[in-house]
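What follows is each chain in one-letter form.
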Amino acid sequence: MSKIIGAALPNLPWEEKPEGYTMPVWRYSGNPIIGRNGNKVSNSVFNSAVVPFENGFAGVFRCDSRSISMDIFVGRSKDGIHWEIEDTPIQFEGADGEILNRQYRYDPRVCFLEDRYYITWCNGYHGPTIGVAYTFDFKKFAQLENAFLPCNRNGVLFPRKINGMYMMMSRPSDNGHTPFGDIFVSQSPDMEFWGKHRHMMSPIPGDTSAWQCTKVGPGPVPIETDEGWLMIYHGVITTCNGFVYRMGVALLDKEEPWKVLYRSKDYILAPYELYECVGDVPNVVFPCAALADADTGRIAIYYGCADTVTGIAFTTADELLHYLKEHHIS
Ligand code: BMA
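As a starting point, this report considers the structure included with it. Because the structure is predicted, anything quoted here is derived from the model rather than measured.

Turning our attention to the state of the cysteines. According to the stated counting rule, one finds 0 disulfides in the structure shown. In this structure C111 is not part of a disulfide, and its nearest cysteine sulfur, from C288, lies 14 Å away. C111 gets classed as buried once you look at its relative accessible area, which sits at 3%.

Here it is in structure tokens:
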């Protein structure tokens with residue numbers, strides 16, 4: 001059995017795999033767990049991130065308003081399934097008003113690292129870039145410098161320093177809906193200056209693995225295992241009706257995580273269910289967080305469904321690694 005390296009999480013939301021189910025990732029039977037009206041102002045709640053916190057869970061949620069502006073909000077939950085999301089967006093504090101000035105914020109990730117929770121998100125600053133902040137208590141949030149120049153999206157931290165450096169994945173983009181995109185890993189000694197950019201993976205052109213032929217982007221904070229980092233990502237194809245977003249998985253080298261050991265040829269989750277296929281943006285499953293229990297190997301993935309509501313799906317480190325080794329790109 002492969003081993004997750006990290007903390008035990010006995011209260012992780014969980015359901016067993018349905019009998020006869022053949023895919024490595026299965027949905028929570030109560031999906032979606034958060035509807036459009038997750039707080040008083042929301043048009044939609046999706047692409048959001050959760051972590052274990054105190055005796056339960058906390059998270060940062062993307063709630064688009066009914067004027068369709070994008071911002072991020074704190075949520076709290078006892079069981080990881082029922083969430084209370086605040087009605088006013090996070091107010092950041094920080095040294096530089098230029099950086100604090102809000103244009104838009106979306107697609108947050110939350111990463112517990114050393115002694116605090118770091119938030120990264122797509123932050124409008126003359127185009128989308130990666131905003132970075134930290135909190136200890138989900139009440140006060142200190143915003144740091146944006147990590148990169150625009151245009152960039154999907155900034156995802158690794159949960160510990162590797163070889164003495166903080167590491168972050170990101171996906172350079174354009175100012176619009178970006179019909180291209182590769183994942184890179186950047187390194188920082190201090191969470192402010194990012195460099196040593198290394199290419200990790202590109203879309204796969206042609207017919208080999210067409211669900212990921214247009215662009216790819218990192219999803220949840222990677223999960224450390226004894227075999228390497230498990231990295232769940234989204235892959236996109238361009239169809240006659242627009243983009244379709246599916247989920248894939250890769251195993252990354254422990255010490256040089258831009259080196260991909262295995263990458264899924266077949267997707268692990270795709271929009272099949274009505275709430276994933278019908279909504280403000282049809283045919284999107286978009287993972288932004290994963291809870292993992294080191295004792296059992298269980299994983300709960302939180303994902304946005306059709307840019308409208310939020311769902312959970314379950315898997316285990318063994319399921320993902322087994323599937324990867326059977327269905328990888330050679
Ligand atoms: C991306 C982002 C995501 C969204 C996805 C599908 O560019 O805007 O937030 O889920 O498109 O619409």
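From this point, the narrative continues.
Spatial ordering of the open sheet is given by β2-β3-β4-β5, a layout of 4 strands whose pairing is antiparallel. Pairing within the sheet leaves two strands with one partner each, and these edge strands are β2 (42-53) and β5 (84-85). Alignment of β2 against strand β3 (residues 56-65), held across 9 bridges, turns out to be antiparallel. Paired with V51 across the two strands is A58, which belongs to β3.

Two numbers describe a pair of aromatic rings. These are the distance of the centres and the angle of the planes. Tallied over the full model, the rule gives 21 aromatic pairs. Ring centres of F112 and Y117 lie 4.9 Å apart, and the angle between their planes is 50°; this geometry places the pair in the tilted category. Its relative accessible area of 11% is what places Y117 among the buried residues. In this structure an aromatic cluster arises from ring pairing among F53, F92, F112, Y117, W121, F138 and F141. The side chain of R116 reaches across the aromatic face of Y134, ending 4.5 Å from its centre. Taking the ring centre of W258 as reference, the NZ or CZ of R198 above it sits at 5.9 Å.

This part covers the site of the ligand. Around the ligand, the structure places N47, R62, Y106, D107, Y245, V281, V284, F286 and D307. At 2.7 Å from an oxygen atom of the ligand is found a side-chain nitrogen or oxygen belonging to R62. D107 is positioned such that a nitrogen or oxygen atom in its side chain is 2.6 Å from an oxygen atom of the ligand. Split into classes, the residues belonging to the shell around the ligand amount to 5 nonpolar, 1 polar and 3 charged.

Time to look at the environment of L144. With respect to the secondary-structure elements, L144 resides in the loop between β10 (141-143) and β11 (152-157). The class for L144 is partly exposed, based on a relative accessible area of 24%. Along the backbone, L144 and I99 are 45 residues apart, and their C-alpha atoms lie at a distance of 7.9 Å.

For the rest of this paragraph, the subject is the side chain of T225. Tracing the backbone through its elements, the reader meets T225 in strand β16 (residues 223-225). Separated by 2.7 Å, the side chain of T225 and the backbone oxygen of G228 make a polar contact. What T225 contacts, discounting residues up to four positions off in sequence, is K3, I4, I5, L230, L251 and K254.

Criteria and cut-off values
Residues numbered from 1 in each chain as written. Predicted model: local features only at pLDDT ≥ 70, side-chain atom pairs only at ≥ 80, totals over all residues. Heavy atoms only, no water. Disulfide = S-S within 2.5 Å. Buried < 20%, exposed > 50% of the residue type's maximum accessible area, 1.4 Å probe, protein only. Pairing = 2+ DSSP bridges. Helix = DSSP H or I, 4+ residues; strand = E, 2+ residues; numbered from the N terminus. Phe/Tyr/Trp six-rings, centres within 6.5 Å; stacked < 30°, edge-to-face > 60°. Lys NZ or Arg CZ within 6 Å of the ring centre and 35° of its normal. Near = heavy atom within 4 Å. Polar contact = N/O pair within 3.5 Å; in protein donor to acceptor, adjacent residues only side chain to side chain. Nonpolar A, V, L, I, M, F, W, Y, C, P; charged D, E, K, R; others polar. Contact = heavy atoms within 4.5 Å.

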